[in-house]
Amino acid sequence: MQYICLKLKHLREADHGDGLNHLSEIILNKWWLNYLSIMAIMFFILNLNSVMAVQDDRLDEVQMIRILLPESSVVEKETYRLGDIAKLEGPDPHLIERLERIKIGRSPLPGRDLSVSRSIMLSRIRSAKIDTKRIVFPGSQNTRIQRAALKIPGKDIDQSVLSYIREVYSGKDIKPRILAKTRDIFLPRGEVSYRILKKGRHLKEGGYQTFEIEFNVNGESIRKVPVRTYIKLYKDILIAKDTIKEDHIIRESDILKVRRNVDRMPSAYITDEKNILGKVASRAINPNEIIKKTTVSAVPLVKSGDRLMIVYETPNLRLTAPGISLQKGGLGDRIQVRNLQSKILVYATVQDKNHVQVN
């Protein structure tokens, strides 16, 4: 347009005639009419395209797959899919079926929950090679999922362990207790079974002991729960009534039977009188001292300094020699003996008060 105006201006300046001026006005008017017509046509075409675009968008919205997320949902398995946590709507059932089968992630532990956002779902959908432009979330943009679980109260676990202890110590005077209360646990749903195991090496019958409950669901080990206990075990034990001197033969009047908690006592304590009556004290025993197996011994058949016969015997040969004992010993004890003929020291087993045998 600027170019035409410059041309007409150039003609006016060259001719300076009225006719040319009139001609230029006519040309300018026609040009403006044509320009306005072209602009009107272009404006109509642009409006038509925008209307068609709106109609196309409305058509696309009808074709969309709508994913409706609830506020929360419960899943059963270790992993969850889109169909487990959302409702899908749309005109393409084949695409909806594909979307429902898409794995979103791992389920939370039983009894716990987690939040799943729209972005996570879209990421999994893209990984499945599905165009996310055809998907809309008309409602909530996230949801919370919880793993379906079976609650096992901690107090039931503790009671099961206490019952197991009483069964193991059946017929004994015990007082078991739980050191720390067990918390509630959550297991996946299914057929639940359990077994109780004793942990560690416990040389004593009572005292601190740890038990472990192993829970199985549908035959598979799911969880192990430790339970710490303390067990008081009461028994009748023997103590010295008064001071018992060394080498004194123990009689019934020398001992007393008392009931004590033995969980912290050495395992060598004696509970049966038959195991000590008629034996001798291997050392001095103080009043009220617990009598143990190491503090008594059998009455010696041979004393230190006794003369006896040393015997060496085989199936075809038997030799004897006089000797003298250098130690005291009971039946079956090995003691040191000196051969009076050769002056050699040997170890021999006491057979009776007059004979020892060399092996």
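For the structure itself, look to the data block above.
Residues numbered from 1 in each chain as written. Predicted model: local features only at pLDDT ≥ 70, side-chain atom pairs only at ≥ 80, totals over all residues. Heavy atoms only, no water.

Enquirer: Mind showing me how you'd approach the overall build of the protein chain here?
Expert: Broken down by element type, the protein chain carries 6 helices and 22 strands. Buried positions account for 30% of the 359 residues belonging to the protein chain. Pairs at least 24 apart in sequence give 56% of the contacts found in the protein chain among residues at least 6 apart. Carbon and sulfur atoms make up 51% of the accessible area of the protein chain, which totals about 23700 Å². (Helix = DSSP H or I, 4+ residues; strand = E, 2+ residues; numbered from the N terminus. Buried < 20%, exposed > 50% of the residue type's maximum accessible area, 1.4 Å probe, protein only. Contact = heavy atoms within 4.5 Å. Areas by Shrake-Rupley, 256 points an atom, 1.4 Å probe, with all protein chains shown as cover.)

Enquirer: What am I meant to see in helix α4 (residues 93-100) here?
Expert: In an α-helix, one turn spans 3.6 residues; hence positions three or four apart end up facing the same way. For α4, the complete set of buried residues consists of Leu-95, Ile-96 and Leu-99. All buried residues of α4 project into a common sector of 100° when viewed along the axis, lining one side. Opposite the packed face of α4, turned more than 90 degrees from it, sit the exposed residues Pro-93 and His-94. Check the buried side of α4 and you find it contacts β1 (65-68), α3 (82-85), β4 (87-89), α5 (118-127) and β7 (135-136). (Arc of directions from axis to C-beta.)

Enquirer: What is the right way to look at the pattern of salt bridges in this model?
Expert: Pairs can form between side chains of opposite charge once their charged atoms are near each other. Throughout the structure, instances matching the rule amount to 14 salt bridges. In this structure, Arg-195 and Glu-214 form a salt bridge, with 2.7 Å as the shortest nitrogen-oxygen distance. Of this pair, Arg-195 sits in strand β12 (residues 192-199) while Glu-214 sits in strand β13 (residues 207-217), placing them 19 residues apart in sequence. Assessed through its relative accessible area of 9%, Glu-214 is described here as buried. Across the pair Lys-328 and Asp-247 runs a salt bridge whose closest N-O atoms are separated by 2.6 Å. Taken together, the residues Lys-328 in the loop between β19 (318-325) and β20 (334-339) and Asp-247 in the loop between β14 (220-240) and β15 (255-261) connect sequence positions 81 residues apart. Residue Asp-247 is classed as partly exposed on the basis of its relative accessible area, which comes to 43%. Several salt bridges converge on common partners, so that one network encompasses Arg-66, Lys-87 and Glu-89. (Salt bridge = Lys/Arg side-chain N within 4 Å of Asp/Glu carboxyl O.)

Enquirer: Would you explain a positive patch on the surface in this entry?
Expert: A cluster of like positive charges, contributed by Lys-77, Arg-81, Lys-103 and Arg-106, occupies part of the molecular surface. Residue position: Arg-81 is located in strand β3 (residues 79-81). For Arg-81, a relative accessible area of 39% translates into the label partly exposed. (Patch = residues over 30% accessible without salt bridge, like charges linked within 9 Å, V, L, I, M, F, W, Y side chains within 5 Å. Lys, Arg positive; Asp, Glu negative; His and termini not counted. Charge placed at Lys NZ, Arg CZ, Asp CG, Glu CD.)

Enquirer: What is the right way to read the nonpolar core from this model?
Expert: Across soluble globular proteins, nonpolar side chains have a tendency to be buried as a group. Core analysis: the biggest nonpolar cluster contains 23 residues, and Ile-157, Ile-165, Ile-185 and Phe-215 have the highest contact counts within it. Elements supplying a minimum of two residues to this core: α6 (154-168), β10 (173-178), β11 (185-188), β13 and β14. No other element matches the 5 residues that β14 contributes to this core. Once residues lying within four places of it in the same chain are set aside, the contact partners of Ile-157 are Ile-152, Thr-182, Arg-183, Ile-185, Ile-213, Phe-215 and Val-227. Listed in part, the 22 residues of the second largest apolar core include Ile-96, Ile-104, Ile-130 and Ile-135. (Core = buried A, V, L, I, M, F, W, Y, C linked by side-chain atoms within 4.5 Å.)

Enquirer: Could you clarify how one ought to interpret the environment of Lys-257 in this entry?
Expert: Here Lys-257 is to be found in strand β15. Exposure remark for Lys-257: the relative accessible area of 45% places this residue in the partly exposed category. In this structure the C-alpha to C-alpha distance between Lys-257 and Lys-235, which are 22 residues apart in sequence, comes to 9.7 Å. If sequence neighbours within four positions are ignored, Lys-257 has contacts with Asp-236, Ile-237, Leu-238, Thr-271 and Glu-273.

Enquirer: Sorry if this is basic, but what is going on with the sheet that holds strand β6 (residues 113-117) here?
Expert: The strands that make up a sheet are held in pairs by hydrogen bonds between backbone atoms, and each pair lies either parallel or antiparallel. With mixed pairing, 3 strands are arranged side by side in an open sheet as β2-β8-β6. The strands lining the two open edges of the sheet, one partner per strand, are β2 (72-75) and β6. The sheet shows a mean angle of 30° between the axes of neighbouring strands, direction not considered. Strand contacts of α5: β6 and β8 (142-147), with the helix running at about 65° to β6, the strand carrying the most contacts. (Pairing = 2+ DSSP bridges. Axes fitted to C-alpha atoms, helices over the stretch in contact; angles between N-to-C directions.)

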